[in-house]
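Topology and contacts: notes
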Amino acid sequence: MHAFIVIYGSHYGNTEKYARAIAAALGCPALSAKEVRTADLAGKTVVFGGGVYAGSICGWKRTAKKIAKAKAPRLVLFVCGLADPAKQKTRDEARMLFEKKCAAAKDAPVFCLRGGIDYGKLKFGHRTMMAMLMQYLKRKKDPSPEDAQLLATYGKAVDFYDESTAKAVIDAAKSL
Ligand SMILES: Cc1cc2nc3c(=O)[nH]c(=O)nc-3n(C[C@H](O)[C@H](O)[C@H](O)COP(=O)(O)O)c2cc1C
C-alpha cells in the first residue's frame, strides 16, 4: 500500500468531518486545500473531498493545480452536498465538476457523500444564494421531491452526515 494524504475544501465543516474520519482510517493527515503544498502530494495516494456550492467544489480549483504539478499521484475524489447520492444526476454532476478542472480526474473514482446545512450559520453570500434559489424553486411548476425537501427545510438546520458512507472512499483508496 502507498502512503496517503487527505485534502479537503469545506466552508462549514461537513466535508472536513468526513475527511478527518477517512484520514484516521487511512492513518494519514487531513489537510485543508489552503494549507497543502504540491510537495505534500508526491508519490502519495491523494484523497480529495470538497463541499458542493452551486456548480463548483470548494477547494478543488487550487488542489487540481497542485495535483497537475505533482508527480502522478493516485486519486480518489468525493463531494459532500445536500443532493441525494443515490441519484445518477448527483453522481454525474460531481464527476463533471471534477473533470472540468483536472484531466487526471477522468481515471479517478468519484463518490458523493451527504452533508448538511444550518441556515442560521450561513455567511452572507451563501445566505443570499440560497434565498435566490428558494425564490426560483417556489415558482417552479413541477418541483422534484428534492426541490420540495429544500423548500420544506429552508431556514432550518438539516444534517445528513453519515460516517458509514465514507467506507467506500477508504476502501477505494486502499485498493489503488
Ligand atoms: C450557497 C450554497 C450552495 C449550495 N449548492 C449545492 C449544490 O449545488 N449541490 C448540493 O448537493 N449541495 C449544495 N449545497 C449544500 C452544501 O454542499 C452542503 O451544505 C455541504 O454539507 C457543505 O459542506 P461543507 O460544510 O464542508 O462546506 C449548497 C450550500 C450552499 C450554502
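Residues numbered from 1 in each chain as written. Predicted model: local features only at pLDDT ≥ 70, side-chain atom pairs only at ≥ 80, totals over all residues.

**Describing the domain arrangement of the chain**
Domain boundaries assigned for the chain yield domain 1 (4-115 + 160-175) and domain 2 (118-158). A C-alpha centroid distance of 25 Å is found between domain 1 and domain 2. Between domain 1 and domain 2, the residue contacts involve 5 residues of the former and 4 residues of the latter. Considering only residue class, the side of domain 1 that touches domain 2 consists of 4 nonpolar, no polar and 1 charged. (Domains from an automatic or database assignment. Contact = placed C-beta atoms within 7 Å. Nonpolar A, V, L, I, M, F, W, Y, C, P; charged D, E, K, R; others polar.)

**Details of the nonpolar core**
Membership of the largest hydrophobic core comes to 41 residues, with the highest contact counts inside it found for V6, I22, V47, L77, F78 and V169. Contributing elements (two or more residues each) for this core: β1 (4-9), α1 (14-26), β3 (45-51), α2 (60-69), β4 (74-81), α3 (88-101), β5 (110-114) and α6 (167-175). At 6 residues, the largest contribution of residues to this core is made by β4. Ignoring anything within four residues of it in the chain, the contact list for V47 reads F4, V6, I22, V76, V169 and A173. (Core = buried A, V, L, I, M, F, W, Y, C linked by C-beta atoms within 7 Å. Buried ≥ 20, exposed ≤ 12 C-beta atoms within 10 Å, placed from the backbone. Helix = DSSP H or I, 4+ residues; strand = E, 2+ residues; numbered from the N terminus.)

**Digging into α2**
All buried positions along α2 are accounted for by W60, T63, A64 and I67. Down the axis of α2, the buried side of the element spans an arc of 105 degrees, and every buried residue falls inside it. (Arc of directions from axis to C-beta.)

**Digging into the pairing of β5**
In terms of residue burial, β5 counts as a mostly covered element, since 5 of its 5 residues are buried. Side chains V110, C112 and R114 project from β5 onto one buried face, and the interleaved F111 and L113 project onto a second face that is buried too. Pairing of β4 with β5, which is carried by 5 bridges, proceeds in the parallel orientation. What sits directly across from F78, in β5, is F111. Considered for its hand, the β-α-β crossover made up of β4, α3 and β5 is right-handed. (Pairing = 2+ DSSP bridges. Right-handed = clockwise from strand over helix to strand, strands pointing away.)

**What about the site of the ligand?**
Looking at the ligand, there are 23 residues lining it, with S10, T15, G51, G81 and G115 nearest. Listed by contribution, the elements that provide at least two residues to the shell around the ligand are α1, β4, β6 (116-118) and α4 (124-139). Taken together, the residues of the shell around the ligand break down into 12 nonpolar, 10 polar and 1 charged. Both of domain 1 (4-115 + 160-175) and domain 2 (118-158) provide at least three residues apiece to the shell around the ligand. (Near = placed C-beta within 6 Å.)

**Observations regarding the pairing of β1**
Extensive coverage of β1 is indicated by the burial of 6 of its 6 residues. As paired elements, β1 and β3 share 6 bridges and run parallel to each other. By the bridge assignment, G9 is partnered in β3 with G50. Two elements, β1 and strand β2 (residues 30-32), share 3 bridges in a ladder whose sense is parallel. Its bridge partner lying in β2, I7 is registered against L31. Taken together, β1, α1 and β2 form a β-α-β motif whose crossover is right-handed.

**With respect to the sheet that holds β4**
Taken together, 5 strands build an open sheet; the order of strands is β2-β1-β3-β4-β5 and the sheet is parallel. Each having just a single partner strand, β2 and β5 make up the two edges of the open sheet. Put simply, the sheet's adjacent strands are angled 25 degrees from each other on average, direction ignored. Lying over the sheet, α3 contacts β4 and β5, oriented at roughly 120 degrees with respect to β5. Taken strand by strand, α6 contacts β1, β3, β4 and β5, and its axis lies near 170 degrees from that of β4. (Axes fitted to C-alpha atoms, helices over the stretch in contact; angles between N-to-C directions.)

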